[in-house]
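Take a look at the letters that make up each chain.
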Amino acid sequence: FTRPREDILRLIPPEVQRILDVGCGKGILGKKLCEQQKEVFGIEKDPVIAQEAAKHLQKVIIGDIESISLPFSDSYFDCLIFADVLEHLQDPWSVLRKLRKYLCKGGKVIASIPNVQHYKVIRSLIRGHWNYTQSGILDISHLRFFTIEGIRDLFEQGGYKVEQVIGKRRASFKYKLLNILAFGRLEHFLVKQYLIVAQKEETAIVKEG
């Protein structure tokens, strides 16, 4: 709720003016965007946290993005942000389709999603363990889990074209060395989280909602 998310901030195109931050938390990221003269709206389902965000953003809607109706006109936003949000939803595929109509032509989606293919998860699974934690890839509040191919499929089904994928590594020297010796074929096992930039695909045929 309080992380500034500089990694997300760097991916937002400078020409973007109107942004919807889904799961905006306390509005720390949105505050930085407003300081850049952006117009930022937030969605947050925790009422107490939403009140904090409302101090910084143009408007904060309190509710669950999977069930609430939005008061915006079609093509209202230049950019949608999902910073560690999609994995917490029951049906992130439907949410991406639902919000697609609010994104203008050529509009961007910026997202961060954990990588369940990380070697620590695979190593534990081989040993017969799938232990939820308070944070991280197996956060107890995560409802969905994705590999890079699953992420690409998620956006494609939503009517978006993935333009950029950035892997945030979290690995020991030993595993980085193994990846070098394997000519980079282990790269997806070293990435803890992916940053995604996608664009609304105008020719996509999707069922909105």
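Remember, predicted model here, so these are calculated numbers, not experimental data. (Residues numbered from 1 in each chain as written. Predicted model: local features only at pLDDT ≥ 70, side-chain atom pairs only at ≥ 80, totals over all residues. Heavy atoms only, no water.)

Time to look at the overall build of the protein. Looking only at helices and strands, the protein has eight helices and seven strands in total. Here the protein has a C-alpha radius of gyration of 18 Å; the compact-globule value for 209 residues is 17 Å, and the two agree. Across its three principal axes, the protein shows a C-alpha extent of roughly 50 × 40 × 30 Å. At a minimum sequence separation of 6, the contacts of the protein that also span at least 24 residues come to 70%. (Helix = DSSP H or I, 4+ residues; strand = E, 2+ residues; numbered from the N terminus. Rg over C-alpha atoms; globule rule 2.2 N^0.38 Å. Contact = heavy atoms within 4.5 Å.)

The next thing to look at is a positive patch on the surface. A cluster of basic side chains, namely Lys120, Arg123, Arg127, Arg170 and Lys174, defines a positive patch on the protein surface. With respect to the helices, strands and loops of the structure, lysine 120 is situated in helix H5 (residues 119-126). The partly exposed category is assigned to lysine 120, whose relative accessible area is 41%. (Patch = residues over 30% accessible without salt bridge, like charges linked within 9 Å, V, L, I, M, F, W, Y side chains within 5 Å. Areas by Shrake-Rupley, 256 points an atom, 1.4 Å probe, with all protein chains shown as cover. Salt bridge = Lys/Arg side-chain N within 4 Å of Asp/Glu carboxyl O. Lys, Arg positive; Asp, Glu negative; His and termini not counted. Charge placed at Lys NZ, Arg CZ, Asp CG, Glu CD. Buried < 20%, exposed > 50% of the residue type's maximum accessible area, 1.4 Å probe, protein only.)

What follows concerns the nonpolar core. Core analysis: the biggest nonpolar cluster contains 34 residues, and Leu20, Leu70, Leu80, Phe82, Leu86, Leu99 and Phe155 have the highest contact counts within it. Of all elements in the fold, only strand E1 (18-22), strand E2 (39-44), strand E4 (77-83), helix H4 (92-100), strand E5 (103-114), helix H6 (148-158), strand E6 (160-169) and strand E7 (191-200) reach the threshold of two or more residues within this core. Once you skip the residues sitting within four places of it in the chain, phenylalanine 155 turns out to touch Leu86, Leu96, Val109, Ala111, Ile113, Tyr160, Val162, Ile196 and Ala198. Listed in part, the 21 residues of the second largest apolar core include Ile12, Cys24, Leu29 and Val40. (Core = buried A, V, L, I, M, F, W, Y, C linked by side-chain atoms within 4.5 Å.)

Under the defined criterion, the tally for this structure stands at 11 aromatic pairs. Taking 5.5 Å as the distance between ring centres and 25° as the angle between the ring planes, the aromatic pair formed by phenylalanine 72 and tyrosine 76 counts as stacked. What makes phenylalanine 72 buried here is its relative accessible area of 11%. Measuring from centroid to centroid gives 6.2 Å for phenylalanine 155 and tyrosine 160, while their planes differ by 80°, and the two rings are edge-to-face. (Phe/Tyr/Trp six-rings, centres within 6.5 Å; stacked < 30°, edge-to-face > 60°.)

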